[in-house]
Amino acid sequence: MTEGFKIPVIRLYDTLIVSIQGNLSDALVRALKADITAEIEQRAAHGLVIDVSGVDVLDSYLSKAIYDIAQIAALMGTQTVLSGLDPMLAMTLVEMGLDLAGVATALNLESALEYIAKAASGGQA
Amino acid sequence: MTAQVQAIFAVLQEHSGRIIAETIIESYQRRVQRSADSGVDMRPNARLKALQHSIKLFVAAEQEQQKCISEIEKLLNLGDQANPSIQTISRSTQEKSLQNESAQSEKQAAHISSHTLKAEEEFEVEIQRESDIVVARHRVRSLCMDLGADRLLQTKVTTVVSEMARNIFQYAGRGFMRFRLTRNGRAALRIMARDYGPGISNLDVILAGEYRSKTGMGKGILSMRTIMDEFDIRSGPEIGTEIKCTKYMG
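## Considering the overall build of chain A
Scanning chain A from N- to C-terminus turns up four helices and five strands. Taken from N to C terminus, the helices and strands of chain A fall in the order β-β-α-β-α-β-α-β-α. Counting all 125 residues of chain A, 43% fall into the buried class. By sequence separation, contacts in chain A at least 24 residues apart represent 74% of the contacts at least 6 residues apart. For chain A, the exposed area adds up to about 6500 Å²; of that, 57% sits on carbon and sulfur atoms.

Laid out in structure tokens, this is it:
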């Protein structure tokens with residue numbers, strides 16, 4: 001059962017940007033993982049920004065989806081940064097004891113891109 | 001106003017079902033009431049905008065959205081109740097919907113048209129499809145707003161409901177949730193989640209906080225318990241799962 005649309009993975013030079021809006025169904029999550037993997041495989045990316053400013057509820061299901069995506073990206077040499085997390089969501093996550101273990105976060109898209117640029121240049125030996 | 005609201009409800013129900021129609025109408029009535037309380041009678045344009053916003057949010061199919069909006073536009077633009085043509089339109093839309101409804105629905109239509117706040121209200125959401133998780137979230141958020149909860153409290157409770165609905169869908173395939181508002185004395189939202197699925201094994205281990213699961217189900221239950229003021233869960237292969245919890249608001 002598909003909605004007939006999927007979340008676009010947008011390439012900005014060496015960075016991939018994904019904007020999650022509203023609810024992610026199982027089908028959308030699967031498609032997103034496949035699309036991100038395909039993009040990274042086609043042309044390596046320094047970073048992946050997952051922007052969640054369009055998300056109104058961040059439950060354990062969505063947290064896990066984000067976590068999985070970050071893991072997959074890391075396995076392919078790409079750093080993931082979460083941006084645009086609403087303060088209410090952040091407070092709720094903390095109170096509920098749900099965390100996005102190991103997923104870097106930034107306040108907004110600009111900070112996320114700066115973070116990735118720094119991580120990329122810092123990584124050059 | 002009552003006849004107009006009923007007519008709008010009938011249109012919404014026709015295009016998006018009872019639950020979404022109720023959600024939209026309740027939110028709309030609250031806005032109109034709030035406006036009236038501060039001395040402003042919302043003009044038809046503003047009313048249409050308010051409804052349009054909700055319709056775009058809650059009605060999934062764009063085609064249905066457009067149909068809804070244009071029908072409601074007609075209902076609102078003929079703003080004067082003394083106008084005989086609007087009487088005809090409202091009456092026929094009402095008749096059409098009431099004809100096919102059971103007595104229960106008629107009672108509900110009457111309930112929606114009244115402005116008095118009831119001391120207790122109960123709502124049920126069936127969880128059968130993945131999209132029902134979203135319906136449950138919208139319903140509970142709307143109820144929280146109704147009880148005067150601030151955005152943070154709304155978010156917390158909606159997140160808990162999202163967890164519950166997701167668990168029902170994922171592990172049992174099917175179930176239902178019930179929401180009860182009480183306004184007597186301390187405002188409270190009581191939530192019940194019920195399914196007849198396989199049940200949760202190791203429930204006591206999970207509740208003791210000692211279970212690390214791959215699926216994350218244990219974490220979800222603990223996190224619900226942290227947010228809610230009262231929390232009770234019974235689960236097992238014979239009985240499925242039943243969660244009853246309460247959040248006090250203000």
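Next comes the rest of the account.
## Considering the environment of Tyr 13 of chain A
Residue and element names in this part refer to chain A. Within the secondary structure layout, Tyr 13 lies in the loop between β1 (9-12) and β2 (15-21). Of the residues examined, Tyr 13 reaches a relative accessible area of 70% and is grouped as exposed. Taking the C-alpha atoms as reference points, Tyr 13 and His 46, 33 residues apart in sequence, are found 9.3 Å from one another.

## Here we look at the sheet that holds strand β2 (residues 175-182) of chain B
Residue and element names in this part refer to chain B. The five strands lie next to each other as β1-β2-β3-β5-β4, forming an open sheet whose pairing is antiparallel. Of all strands in the sheet, those bounded by a partner on one side alone are β1 (120-127) and β4 (230-236). If you compare each strand with its neighbour and ignore which way they point, the axes differ by 10° on average. Sheet topology places β2 next to strand β3 (residues 188-195); eight bridges connect them, and they run antiparallel. When the bridges of β3 are listed, Thr 182 appears paired with Ala 188. Along the sheet face, helix α7 (residues 131-146) touches β1, β2 and β3 and points at about 165° away from the line of β1.

## Topic: the sheet that holds strand β3 (residues 47-54) of chain A
Residues and elements named next belong to chain A. Spatially, five strands are ordered β1-β2-β3-β4-β5 in an open sheet, and the strand pairing comes out mixed. Of all strands in the sheet, those bounded by a partner on one side alone are β1 and β5 (104-106). For this sheet the average axis-to-axis angle between neighbouring strands, irrespective of direction, equals 30°. Bridge count between β3 and strand β4 (residues 79-83): five bridges; the pairing is parallel. Each bridged residue has a counterpart across the sheet, and for Leu 48 the counterpart in β4 is Thr 80. Most of the contacts of helix α2 (residues 60-75) go to β3, to which it runs at about 165°, and overall it touches β3 and β4.

## Some remarks on the interface of chain A and chain B
Counting residues at the interface gives 21 residues for chain A and 21 residues for chain B. For the chain A and chain B pair, buried surface summed over both sides reaches about 1900 Å², with 54% attributable to carbon and sulfur atoms. The interface formed by chain A and chain B includes three salt bridges. When residues of the side of chain A that touches chain B are traced back to their parent elements, those giving at least two are α2 and α3 (87-96) of chain A. With six residues, α3 of chain A is the single largest residue contributor to the side of chain A that touches chain B. Of the residues in the side of chain A that touches chain B, the class split is nine nonpolar, five polar and seven charged.

## What about the side chain of Arg 47 of chain B?
Residue and element names in this part refer to chain B. Tracing the chain through its elements places Arg 47 in helix α3 (residues 44-58). Take Arg 47: its relative accessible area is 6%, and that puts it in the buried class. Here Tyr 28 takes part through its side chain, which lies 3.2 Å from a polar atom of the side chain of Arg 47.

Cut-offs applied
Residues numbered from 1 in each chain as written. Chains lettered and ligands numbered in written order. Predicted model: local features only at pLDDT ≥ 70, side-chain atom pairs only at ≥ 80, totals over all residues. Heavy atoms only, no water. Helix = DSSP H or I, 4+ residues; strand = E, 2+ residues; numbered from the N terminus. Buried < 20%, exposed > 50% of the residue type's maximum accessible area, 1.4 Å probe, protein only. Contact = heavy atoms within 4.5 Å. Areas by Shrake-Rupley, 256 points an atom, 1.4 Å probe, with all protein chains shown as cover. Pairing = 2+ DSSP bridges. Axes fitted to C-alpha atoms, helices over the stretch in contact; angles between N-to-C directions. Buried area = accessible area lost by both parts, 1.4 Å probe. Salt bridge = Lys/Arg side-chain N within 4 Å of Asp/Glu carboxyl O. Nonpolar A, V, L, I, M, F, W, Y, C, P; charged D, E, K, R; others polar. Polar contact = N/O pair within 3.5 Å; in protein donor to acceptor, adjacent residues only side chain to side chain.

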